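# Reading the structure
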Protein chains: 2
Amino acid sequence: MSSDSATTGQRGRPRDPDFEDRVFDTVVALYVAHGLDGVTMGAVARGARVGKASLYMRWEDRDSLIRDALAARIVLDTGVDTGDFRADLRRLAEQMLDMLWTDTGLAYMRRIIDSSVHPEVFRRGDGSSPIVLDARRLVRNAIERGELPRGTSPTVLMDMLFGASVMHASITPPGLRSVAQERSADYLDALVDAVIAGATAHAR
Amino acid sequence: MSSDSATTGQRGRPRDPDFEDRVFDTVVALYVAHGLDGVTMGAVARGARVGKASLYMRWEDRDSLIRDALAARIVLDTGVDTGDFRADLRRLAEQMLDMLWTDTGLAYMRRIIDSSVHPEVFRRGDGSSPIVLDARRLVRNAIERGELPRGTSPTVLMDMLFGASVMHASITPPGLRSVAQERSADYLDALVDAVIAGATAHAR
């Protein structure tokens, strides 16, 4: 659905092309700062400077708004499959780590937790699983090409790759964040090598 | 401080040996369900069936109560150092994974995020870093004993170990949790092997 239908109301209000962007930005910011309880239709309307009625024209309720906003913002390009497994893996980890330094990354982590705690808000598969499941495809393809030994565990491999990225970003104290970001390339190289060596050692 | 001093008020109220346990349980439950905003002195008092005044006798404010409760409940025995690196690592990962299936684990993950977002509540080092820093000691000791090659990165190794555990526990859908818990031993064996192989391959 285009945002026009939500913002060009019956009373002929002007089109508001940034409507969806502002709403989604506000949802992410509120969610990161206050968690689920902080994301109310009223707070989103105030933060995004839109009418509460226009929110309800577009989204049935608060939960569907949160799901849409997070799905739109938490995006990794897992379709990458160049045929060079190490390069694909590094690109995936780099996207993940880049995201994790931002508010979107904090929202990603909050959603992982809340998917366990609040199944009434997030559906099965709203957590991190789509990204991880997609990424496992890379492993299976690399096994078929013979780049990885049969018996390589996609689960252990992707858990290590994404999990280490999450740990790295989240335990770096705010004061050291800019230094860690500068050194991201070295960290990613070491991580990808370790993950491949580890996951394939077990299979050989 | 013993809980007696908090609960034996000047008016000679009966001792309440479970005071601290009930308060900490309530803090963890509220924090897991609602995040920081849900943990108010009033909500804790109601949930734990204690007087608000008795909370303020013991804790200056909400933030110090949260810090104390989470520090008391989120505990891994990182002091383990038997001299067998693989066994130590497996025991550490097992403790982490066991914790992650519980409310305490969800609180641990929430605290990691909130340590970034709310430095006014959590101090530097309140996040996951104490556990991870302690664990890195194991790696350094194993290097000194010659069990691991010099050049092994304690950072990458522990990021993979703890990060994979976090991913594994958090992306398992609630319906598959009991199956995954039954298979924990296999997962831990594969993970610890992969982590050691990966972290040491890079150093050799």
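Residues numbered from 1 in each chain as written. Chains lettered and ligands numbered in written order. Predicted model: local features only at pLDDT ≥ 70, side-chain atom pairs only at ≥ 80, totals over all residues. Heavy atoms only, no water.

### Focus: the interface of chain B and chain A
By a widespread convention, an interface's size corresponds to the accessible area lost as its parts come together. The cut-off we apply is this: Contacts are assigned to residue pairs with any non-hydrogen atoms lying within 4.5 Å of each other. What counts as buried area is the accessible surface, traced by a 1.4 Å probe, that two parts surrender upon association, with contributions from both included. Put simply, a salt bridge is a Lys or Arg side-chain nitrogen that is within 4 Å of an Asp or Glu carboxyl oxygen.
Taken together, the 45 residues of chain B in the interface contact 45 residues of chain A. Carbon and sulfur atoms make up 69% of the area that chain B and chain A hide from each other, which totals about 3700 Å². For chain B, the biggest contributors to the area lost against chain A are Ile113(B), Met167(B) and Ile171(B); these three give 17% of the whole. At the surface where chain B touches chain A, the tally comes to two salt bridges.

### Re the pattern of salt bridges
Residues and elements named next belong to chain B. The following threshold applies: Under the DSSP-based scheme used, a helix requires at least four consecutive residues in state H or I and a strand at least two consecutive residues in state E, with every element numbered from the N terminus. Between buried and exposed lies partly exposed: a residue is buried under 20% and exposed over 50% of the maximum accessible area for its type, with that area taken using a 1.4 Å probe on protein chains only.
Evaluation of the coordinates by the stated rule reveals 20 salt bridges over all chains. The partner of arginine 73 in a salt bridge is aspartate 21, and the shortest N-O contact between them spans 2.9 Å. Of this pair, arginine 73 sits in helix α5 (residues 62-73) while aspartate 21 sits in helix α2 (residues 19-34), and the two are 52 residues apart along the sequence. A relative accessible area of 25% means that arginine 73 is categorised as partly exposed. A salt bridge links arginine 86 to aspartate 189; its shortest N-O distance comes to 3.5 Å.

### Topic: the side chain of Arg22(A)
In this structure, Arg22(A) sits in helix α2 (residues 19-34). Sequence-distant contacts of Arg22(A), defined by excluding residues within four places in its chain, comprise Asp16(A), Ala48(A), Arg49(A) and Val50(A).

### Notes on helix α9 (residues 154-171) of chain A
Selection criterion: Each helix should span, by expectation, one fewer than its residue count multiplied by 1.5 Å.
In this model α9(A) runs 25 Å from its N-terminal to its C-terminal C-alpha over 18 residues, within 8% of the 26 Å that 1.5 Å per residue would give. Buried residues dominate α9(A), accounting for 17 of its 18 residues.

### Observations regarding the confidence of the model for chain A
To keep it simple, the criterion reads: For every residue, the predictor assigns a confidence score, pLDDT, that lies between 0 and 100.
Residues of chain A with pLDDT of at least 70 account for 88%, and the chain-wide mean is 85. For chain A, helix α1 (residues 4-7) of chain A is the element with the lowest average pLDDT, namely 44, and helix α3 (residues 41-48) of chain A is the one with the highest, namely 98.

### Topic: the relation of the copies chain B and chain A
Condition: What sets the superposition is a least-squares fit of C-alpha atoms, and only residues with pLDDT of at least 70 in both copies go into it.
Placing chain B over chain A gives an RMSD of 0.0 Å and needs a rotation angle of 180°, together with 0.0 Å of translation along the axis. Between the two chains, the operation in question is that of a two-fold axis. When the interface residues of chain B are mapped onto chain A, 100% of them are again interface residues, pointing to one common binding face.

### Some thoughts on the UniProt feature "DNA-binding region" (unreviewed entry) in chain A
Stated precisely, the cut-off is as follows: UniProt positions are given in the numbering used here, feature names are shortened, and annotations may be inferred rather than shown by experiment.
UniProt's feature table lists "DNA-binding region" (unreviewed entry) at residues 40-59 of chain A, given in the numbering used throughout. Within residues 40-59 of chain A, the helical portion is 75% and the strand portion 0%, while the C-alpha atoms at the span's ends are 12 Å from each other.

### So, the packing of α2(B) against α5(B)
Residues and elements named next belong to chain B. Here is the rule: Only C-alpha atoms enter the line fits that serve as axes; for helices the fit covers just the stretch in contact. Angles between N-to-C directions range over 0 to 180 degrees. Relative orientations are named as follows: roughly parallel for angles under 35 degrees, roughly antiparallel for angles over 145 degrees, roughly perpendicular for angles from 65 to 115 degrees, and oblique for any other angle. We call Asp, Glu, Lys and Arg charged. Ala, Val, Leu, Ile, Met, Phe, Trp, Tyr, Cys and Pro are nonpolar, and the rest, Gly among them, are polar.
Two elements in contact, α2 and α5, have axes separated by 9 Å at closest approach and are oriented at 100°. Considered as vectors, α2 and α5 are oriented roughly perpendicular to each other. On the side of α2, the interface is formed by Asp21, Val23, Phe24, Asp25, Val27, Val28 and Tyr31, while α5 contributes Leu65, Ile66, Asp68, Ala69, Leu70, Ala72 and Arg73. Tallied by class, residues from the contact of α2 with α5 come to 10 nonpolar, no polar and four charged.

### A few points about the packing of aromatic side chains
Pairs of aromatic rings are described using the distance from one ring centre to the other and the angle between the two planes. Residue and element names in this part refer to chain B. What counts is decided by this rule: Two rings from Phe, Tyr or Trp (for Trp, the six-membered ring) form a pair when their centres are within 6.5 Å of each other. A pair whose planes differ by under 30 degrees is stacked, one over 60 is edge-to-face, and the rest are tilted.
Throughout the structure, instances matching the rule amount to six aromatic pairs over all chains. Ring centres 6.3 Å apart and planes at 15° place the aromatic pair phenylalanine 19 and tryptophan 59 in the stacked group. Of this pair, phenylalanine 19 sits in helix α2 while tryptophan 59 sits in the loop between α4 (52-58) and α5, and the two are 40 residues apart along the sequence. For the pair phenylalanine 19 and tryptophan 59, a shared accessibility class is recorded, and that class is buried. Where tyrosine 31 meets phenylalanine 122, the ring centres are 6.5 Å apart and the plane angle is 55°; that geometry is what we call tilted.

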